[in-house]
Amino acid sequence: MAVLYPGDEAGSALDRNNRIAVFLFAILPGLSPNFNSFILLASMVWGVYCLATGSLALNLSKSDRLVAIFMSIYPLVMIASIFINPPYSEVPDWIFRLLPFFSIWLILPRMRQSPDGRLVPLFILGAGIGMIVTFLFSLLQIMFLMERAEAGTSNAALLGVIGILFGGIALLNIQSPRSVEQRIAILGYAAGLGCVLLSGTRSAWLVIPIHIVIFLWYFRKHSFHLSLRSLAITSSLLLVGLLTLGSGQILHRIQALQENLTSLERTDGEITSLSARFALYKGALSAISKDPLTGYGPQNRMSSVLAELPDNIRPQLPYSHVHNGFLTAGIDAGVFGIAALSLMLLTPVIGAWRKEPGPGRDLAIALALLLVSSYVITGSFGIMFNQKALDPIFAYMVALICADRGSTCFAPVVRN
């Protein structure tokens, strides 16, 4: 009801649709990433229609245009690399995959039809609710079906990235004056960490201390309406519960890492998760050094990497990327690809930093830092982009970060 009827004012139909889309987008990543892609695509199509008919103006500020241009450079560089490097049979498929990175031009004017300060709190609340449901789904998988939880993502590593990111976003709602939102914030963060532990995504574990630093910076400037004693007791109980539930998965993944490290010393040719990564990194660096300017195009990504590896290793590496986002960009489009990727990763921080001074600016910076740190750290050891869930999430969040003025105060979603 708070999503559909946020206040006394009537509001426009476009504002109502924005609220529903943002709320669902925050809930769904761990349950069905395909729906996130559908929401983004539908928003883009509707944006094209509204701009073409004149019912919506392209009211982008100078800062918005800067962010949109920096976002667009990455897909343009990749498309150029696709056309430079044959074969061209996969060109339409790759161009379609890159469309989310152009979305800010179309969905940001649409988001601007909602009042300042309305969409971001909805997104934060939705992230908490989504993480709680995703954790329960993941727990059932671990208990009855799988060794590593995937929830609705079909990929344990993807669940780890989503869990650490959206769990962190959920915790920002602890500053809400509404007790129900505070509870969802704490439970949502705990559920996100639970998803990370149950998925066994070790790279996501590395993000946790970075997020803690971001929280300390943000909450030091913005007090939350919850006693420290209550927070300490609740956090301690949830931490004990998480460690109890995830201890088996934690020990299993640590043991697997130890076995991988031991196997590196053997010469029997066995390929493990760790040795596969080292082989992919070595092949990628060798391939990039041979063509550092234009790369090989994403359609030739793995063939160019495998060509640099011994024949006995190639059949044991059935991957679509090299488990490092920066090396993947280098293979796809050379140094220009790496530069374009780095520039795109800065866009959320640029969009947040250039806002008007105020509480909304601090919240946007916190969201941007949570987003970038999650993608960079996990993407340095696994998936970063060129994925059905992570591309729409990044693009949508960049637009959302840019949507409000920085002077906007945080407003709770739940009303009296």
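Above this text you will find the structure in question.
Residues numbered from 1 in each chain as written. Predicted model: local features only at pLDDT ≥ 70, side-chain atom pairs only at ≥ 80, totals over all residues. Heavy atoms only, no water.

A. Spotlight on the packing of aromatic side chains. Tallied over the full model, the rule gives 13 aromatic pairs. Taken together, a centroid distance of 5.3 Å and an interplanar angle of 80° make the contact between Tyr-74 and Phe-101 edge-to-face. One end of the pair, Tyr-74, is in helix α3 (residues 62-84); the other, Phe-101, is in the loop between α4 (91-98) and α5 (104-111), and 27 residues separate them in sequence. A single burial state applies to Tyr-74 and to Phe-101, both of which are buried. Plain terms: the ring middles of Trp-217 and Tyr-218 are 6.2 Å apart, the flat faces sit at 45° to each other, and that makes the pair tilted. Among the residues examined, Tyr-218 registers a relative accessible area of 1% and is labelled buried. Members of the aromatic cluster, joined through ring pairs, are Tyr-74, Phe-101, Tyr-375, Phe-385 and Phe-394. For Arg-97, the ring lying beneath its charged end belongs to Trp-94, and the centroid distance is 4.1 Å. (Phe/Tyr/Trp six-rings, centres within 6.5 Å; stacked < 30°, edge-to-face > 60°. Helix = DSSP H or I, 4+ residues; strand = E, 2+ residues; numbered from the N terminus. Buried < 20%, exposed > 50% of the residue type's maximum accessible area, 1.4 Å probe, protein only. Lys NZ or Arg CZ within 6 Å of the ring centre and 35° of its normal.)

B. Local environment of the pattern of salt bridges. In the structure shown here, the tally under the stated rule is eight salt bridges. Through salt bridges with shared partners, one network takes in Asp-15, Arg-19 and Arg-118. (Salt bridge = Lys/Arg side-chain N within 4 Å of Asp/Glu carboxyl O.)

C. Quick peek at the environment of Pro-318. Tracing the backbone shows Pro-318 in the loop between α13 (301-306) and α14 (325-353). For Pro-318, a relative accessible area of 69% puts it in the exposed group. Note: C-alpha distance between Pro-318 and Leu-306 (twelve residues apart in sequence) is 9.9 Å.

D. Representation of unusual backbone geometry within the structure. For the bond running from Pro-86 to Pro-87, omega is 5°, close enough to zero to count as cis. The residue Ala-151 is not glycine, and still its phi comes out positive at about 55°. Of the residues examined, Ala-151 reaches a relative accessible area of 8% and is grouped as buried. In this structure, Ser-154 is a non-glycine residue whose phi angle is positive, near 65°. Along the polypeptide, Ser-154 turns up in the loop between α6 (119-144) and α7 (156-171).

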